[in-house]
Amino acid sequence: MVGRSVAAENWQPEMEQPEMNVQKLIETAKMLVADNKGLLAMDESNPTCNKRFAKLGIPQTEEARRAYRELIITTPSLGEYISGAILYDETIHQQQRNGIPFIKAIINGGIIPGIKVDIGAKDMAGHPGEKITEGLDGLRDRLQKYLQMGARFAKWRAVITIGVDIPSRGCIEANAQSLARYAALCQEAGLVPIVEPEVLMDGVHTLSRCSEVIEEVLQTLFNQLYTQRVMLEGMILKPNMVLPGLTCSQQASVDEVADATLNRLLRAVPAAVPGIAFLSGGQSAELASARLNAMNLKFKLRSPWALAFSFGRAIQQPALELWQGQEANVSKAQQVLLHRAKCNWAARRGEYNARMEETGA
């Protein structure tokens, strides 16, 4: 990767004091959305990663996962378009084949390392069809461990499902409180919290219904963030775009999605938040880029926050399909990965278009 070269055996992560450093949190949050860059979400759990491997005939082993993650973090020039990488617990402990820790390689490439700290969405008691994200127990100690390893931000994902009579107030409030408590613990530890309240795309709901739910979720979330005394200037919001359900009979145009998304965010997200890094949530790579581009093209000059991206599959999937677990395909897969990162960098500038797909990697 581009950047300074430090012998693996001599590298040590930066050690920090446990008390909250307000200015450093603000600076890190701003860096995560600076220079038209965005986040690469490579924090898939082992079961999720294995499922994706299985569909492509790739062995579902720790070594295969390590090799794939090495492909990602050693992609040349990735740091020109990606500001931060969200890692999974297994990933942050892994090394390249030459013994260099992944987290060191990421830092040397000019990318800020982060870590997913929730332990997944579980069925919510008393609320059929709804989920609550768990992982608050022992989180303070885990955050200190990750901080000492070199992480500078963290991520927690809550999931909200739209269906008949759901989401319920109980589900929205419980997830909002968990997100806020997580965010407060992150800032106490000196880590910038990425706060992710995802309203899932699955379902038959309309664009209008999704818009209403997102506004309710975000208003509840920020009430809890205030209650838990989270410093808004030192966090990043990671929401979904406002979209009709995947099986809705009436799908929306790129411009309709852009308008619906930004109009709701302007009603619910305080201007103190430095950046909004959208999740891709199962959208195709090209469509996620096009919708992000439309938002920046139409709203960038009057948006109080940076409109960035925190994409997982929308950046990784084309490269994964090309790699197929074969060493001979690494270089071509890296070119495709870099192309997708560059497309989303261009989308932040309002300069993405279909020609980029025709002439890209």
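For the structure itself, consult the block above.
What you are looking at is a predicted structure, and each value in this text was computed from that prediction instead of being measured.

J.: It is not clear to me how the packing of helix α6 (residues 139-149) against helix α7 (residues 169-189) should be interpreted in this structure. Could you clarify?
T.: Each pair of packed helices can be described by the angle between their axes along with the distance between the axes. In contact at an axis separation of 10 Å, α6 and α7 are set at 45° when each is read in the N-to-C sense. One way to sum up the angle between α6 and α7 is to call them oblique. Seen from above, α6 lies across α7 with right-handed handedness. Contacts from L139, R140, L143, Q144 and L147 in α6 reach Y182, L185, C186, E188 and A189 in α7. Split by residue class, the contact of α6 with α7 holds seven nonpolar, one polar and two charged.

J.: Got a minute to help me understand helix α1 (residues 22-32) in this structure?
T.: Think of an α-helix as 3.6 residues a turn; residues three or four steps apart then line up on the same face. Taken together, the buried positions of α1 are occupied by L25, I26, T28, A29 and L32. Along the long axis of α1, the arc covered by the buried residues comes to 165°, so they all point the same way. The distance from a side-chain oxygen at the start of α1 to the backbone nitrogen of Q23 is 3.4 Å, and the residue carrying that oxygen is N21.

J.: Looking at this model, I keep getting lost on unusual backbone geometry. Mind explaining?
T.: Residues apart from glycine generally show negative phi values, whereas peptide bonds are mostly found in trans. With an omega dihedral of 15°, the bond running from I166 to P167 counts as a cis peptide bond. Unlike most non-glycine residues, D35 shows phi in positive territory, near 60°. Here D35 lies in the loop between α1 and β1 (38-41). The class of D35 is exposed, set by a relative accessible area of 60%. Here Q324, not a glycine, exhibits a phi torsion of approximately 60°, which is positive. Note that Q324 resides in the loop between α11 (313-323) and α12 (330-348).

About the thresholds
Residues numbered from 1 in each chain as written. Predicted model: local features only at pLDDT ≥ 70, side-chain atom pairs only at ≥ 80, totals over all residues. Heavy atoms only, no water. Axes fitted to C-alpha atoms, helices over the stretch in contact; angles between N-to-C directions. Helix = DSSP H or I, 4+ residues; strand = E, 2+ residues; numbered from the N terminus. Parallel < 35°, antiparallel > 145°, perpendicular 65-115°, else oblique. Left-handed = near helix turned anticlockwise from the far one by under 90°. Contact = heavy atoms within 4.5 Å. Nonpolar A, V, L, I, M, F, W, Y, C, P; charged D, E, K, R; others polar. Buried < 20%, exposed > 50% of the residue type's maximum accessible area, 1.4 Å probe, protein only. Arc of directions from axis to C-beta. Polar contact = N/O pair within 3.5 Å; in protein donor to acceptor, adjacent residues only side chain to side chain.

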